[in-house]
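# Descriptive analysis of the structure
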Amino acid sequence: MTSDDGERHRQGRLFTDDDGGFDAERARDESLPVEDGELIDTDELADHQRYVEGRGIYDERNRINDLTGKEWKYATKSVIAEGYPPAVQHDLRSEHGGQKPPRLCATLIGRFSKAGDAVLDPFAGVGGTLLGASFCEHEGTGRREAIGFERTERWIDIYETVLERENEARAERGDPPLAGQEMRHGDCADLIEDVPDDSIDLLLTDVPYWHMDELEQTRNERATRASKLGSFDEDDADSADEDGRDSAIDSTGERQTKAEWLADMAEKFERFTDAVAPGGHLVVFIGDMYREQSYEFLSADLARAIESAAPVTLAATLVWYDPTKDLHVYGYPFSFVPSMVHQNVLVFRPDGNE
Ligand SMILES: C[S@@+](CC[C@H](N)C(=O)[O-])C[C@H]1O[C@@H](n2cnc3c(N)ncnc32)[C@H](O)[C@@H]1O
């Protein structure tokens, strides 16, 4: 045993709990290098390893993110069981109805990118991804540069107002401002053409949903109107749902069938993938649905549609479970109908980057 070892063991013994076990918490409080409940001998770290105080050992060979081994282990959990209380000008953002918590986006950005990486959200809404990328500067390992595409100007205005108000509130608290990210107005199918190939490290998005009920409802309403008036009112092709969330419509403003929606998404992701660098990731929020006595496994359908059109491989599906979500009673006592308290997060890797 070297004298160094003796010192390390002596320090280890100093931090014992009431039962004589190693008190990692106390050792950590004293800034001793601790990982997985053991004192780390920093002299024994390999050249590619670095101890980051309070976070564990970082491996310089890490190509995916800036997480230490300990953080990586936690980040590979397939379920994110976290409610995100209303925050970041939630009242304003909730006009959208399909907005994602910026801090959940920041968590995913931290798992699938490194500081300084480029993030793209082609369906950006009121900017959950963009705000998440900005949070990474102060609450993660460093800022990411993000670009968002959004075809509805109202959502872009809301993103900009949210950023302004949030930064006023942060200034009052003495917190540093959140960086503004780049929101581009237009159809993502056109805007993606200006994004150079391989220039994006992480595509994080939340796709516009397919709404089966609405398709049928809209078609029935149109049929009724057409039979009464003999004409179709173009204004009917609005893109916003009752809850403000955008449903899937095609470029002519027609509601889509599920097959059309899948084909549209697959075509768009085929082009999006060109923009993603080898070694990057495409991470996609998608909720399943229960309609008319049957479970619509939209996440599986979308994963297969994207995989069959774009040169990507599904690497994982994560589940975001929101334990704070209200439960509703459907089907009781005759039929089992799931109360959806989760969303799926599909994780794809571009092919050929091993
Ligand atoms: C589910 S929402 C995304 C919400 C976003 N994650 C947030 O936090 O606000 C999908 C968004 O995609 C937009 N969208 C749908 N089709 C689009 C297209 N072809 N080009 C650009 N934006 C589109 C919709 O207007 C909608 O705001």
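Quick caveat: nothing in here was measured; it's all calculated off a predicted structure.

For the ligand, the set of nearby residues contains 20 residues, the closest of which are Gly-98, Phe-123, Gly-125, Gly-128 and Asp-206. Within the residue set of the shell around the ligand, elements represented by two or more residues are strand E7 (145–150) and helix H8 (188–191). For the shell around the ligand, the class distribution of residues is 7 nonpolar, 7 polar and 6 charged.

Let us look at the pairing of strand E10 (residues 276–286). For a regular strand, the rule is simple: side chains alternate between the two faces of the sheet. Most of E10 is tucked away: 8 of the 11 residues are buried. Pairing between strand E9 (residues 200–206) and E10: 6 bridges, direction parallel. Paired with Leu-202 across the two strands is His-281, which belongs to E10.

In terms of nonpolar packing, the biggest core is built from 61 residues, with Ile-109, Tyr-159, Leu-203, Val-283, Leu-302 and Ile-306 touching the most fellow members. Every residue in contact with Tyr-159, bar those within four places of it in the chain, is listed here: Val-126, Gly-127, Leu-130 and Met-183.

Read across the open sheet, the 8 strands follow the order E5-E13-E14-E10-E9-E6-E7-E8; overall the sheet is mixed. On the outer flanks of this sheet lie strand E5 (79–81) and strand E8 (182–185), each paired with one strand and no other. If you compare each strand with its neighbour and ignore which way they point, the axes differ by 20° on average. Looking at chain direction, strand E13 (residues 312–321) and strand E14 (residues 342–350) are connected through 9 bridges and run antiparallel. Residue Trp-320 lies in a different strand from E14, and its bridge partner there is Gln-343. With respect to the sheet, helix H7 (residues 153–173) is in contact with E7 and E8, its orientation differing from that of E8 by roughly 165°. Its contacts with the sheet put helix H10 (residues 258–275) on strand E6 (118–121), E9, E10, E13 and E14, and the angle it makes with E10 is roughly 140°.

When the terminal C-alpha atoms of helix H11 (residues 298–309) are compared, their 16 Å separation across 12 residues agrees well with the 16 Å that a helix rising 1.5 Å per residue should span. Taken residue by residue, H11 has Leu-298, Ser-299, Leu-302, Ala-303, Ala-305 and Ile-306 as its buried positions. Taken end-on, H11 shows its buried residues confined to a sector of 165°, consistent with a single buried face. Those residues of H11 that are buried are in contact with H10, E10, strand E11 (289–291), strand E12 (294–296), E13 and E14.

Once that is clear, we can look at the confidence of the model for the protein chain. Averaged over all residues, the pLDDT of the protein chain is 85; the fraction at 70 or higher stands at 78%. In this model, residues 1–13 is a region of pLDDT below 50 whose contacts with residues beyond four sequence positions or in other chains number 8 contacts. Ignoring residues within four places in sequence, the model shows residues 226–246, a span with pLDDT below 50, making 26 contacts including any to other chains.

By secondary structure assignment, the location of Arg-50 is in strand E3 (residues 49–52). Note on Arg-50: 13 C-beta atoms within 10 Å, which makes it partly exposed. The spatial distance from the C-alpha of Arg-50 to the C-alpha of Glu-60 is 7.5 Å, given a sequence separation of 10 residues.

It is at 7 Å that the axes of helix H5 (residues 102–112) and helix H6 (residues 128–139) come closest, and there the two elements cross at 65°. It follows that H5 is roughly perpendicular to H6 by the angle criterion. Our pair here, H5 against H6, has a crossing hand that is right-handed. In this structure, H5 contributes Pro-102, Arg-103, Cys-105, Ala-106, Ile-109 and Gly-110 to the contact, and H6 contributes Gly-128, Thr-129, Leu-131, Gly-132, Ala-133, Phe-135, Cys-136 and Glu-139. A per-class count over the contact of H5 with H6 returns 8 nonpolar, 4 polar and 2 charged.

Looking at chain direction, E7 and E8 are connected through 4 bridges and run parallel. By the bridge assignment for E8, Ile-147 is matched with Glu-182. With respect to chirality, the unit in which E7 leads through H7 into the neighbouring parallel E8 is right-handed.

Look at H7: 30 Å from first C-alpha to last across 21 residues, which is about the 30 Å you get at 1.5 Å a residue. Trp-155, Ile-156, Ile-158, Tyr-159, Val-162, Leu-163 and Glu-166 are the residues of H7 that are buried. What you see down the axis of H7 is that its buried residues fit within an arc of 155°, all on one side. Relative to its buried face, H7 has exposed residues pointing more than 90 degrees away, namely Glu-153, Glu-164, Glu-168, Ala-171 and Glu-172. Lining the buried residues of H7 we find helix H4 (90–93), H6, E7 and E8. At the C-terminal side of H7, Gly-174 shows a positive phi close to 80°.

Parameters and conventions
Residues numbered from 1 in each chain as written. Predicted model: local features only at pLDDT ≥ 70, side-chain atom pairs only at ≥ 80, totals over all residues. Near = placed C-beta within 6 Å. Helix = DSSP H or I, 4+ residues; strand = E, 2+ residues; numbered from the N terminus. Nonpolar A, V, L, I, M, F, W, Y, C, P; charged D, E, K, R; others polar. Buried ≥ 20, exposed ≤ 12 C-beta atoms within 10 Å, placed from the backbone. Pairing = 2+ DSSP bridges. Core = buried A, V, L, I, M, F, W, Y, C linked by C-beta atoms within 7 Å. Contact = placed C-beta atoms within 7 Å. Axes fitted to C-alpha atoms, helices over the stretch in contact; angles between N-to-C directions. Expected span 1.5 Å × (residues − 1). Arc of directions from axis to C-beta. pLDDT = per-residue confidence, 0-100. Parallel < 35°, antiparallel > 145°, perpendicular 65-115°, else oblique. Left-handed = near helix turned anticlockwise from the far one by under 90°. Right-handed = clockwise from strand over helix to strand, strands pointing away.

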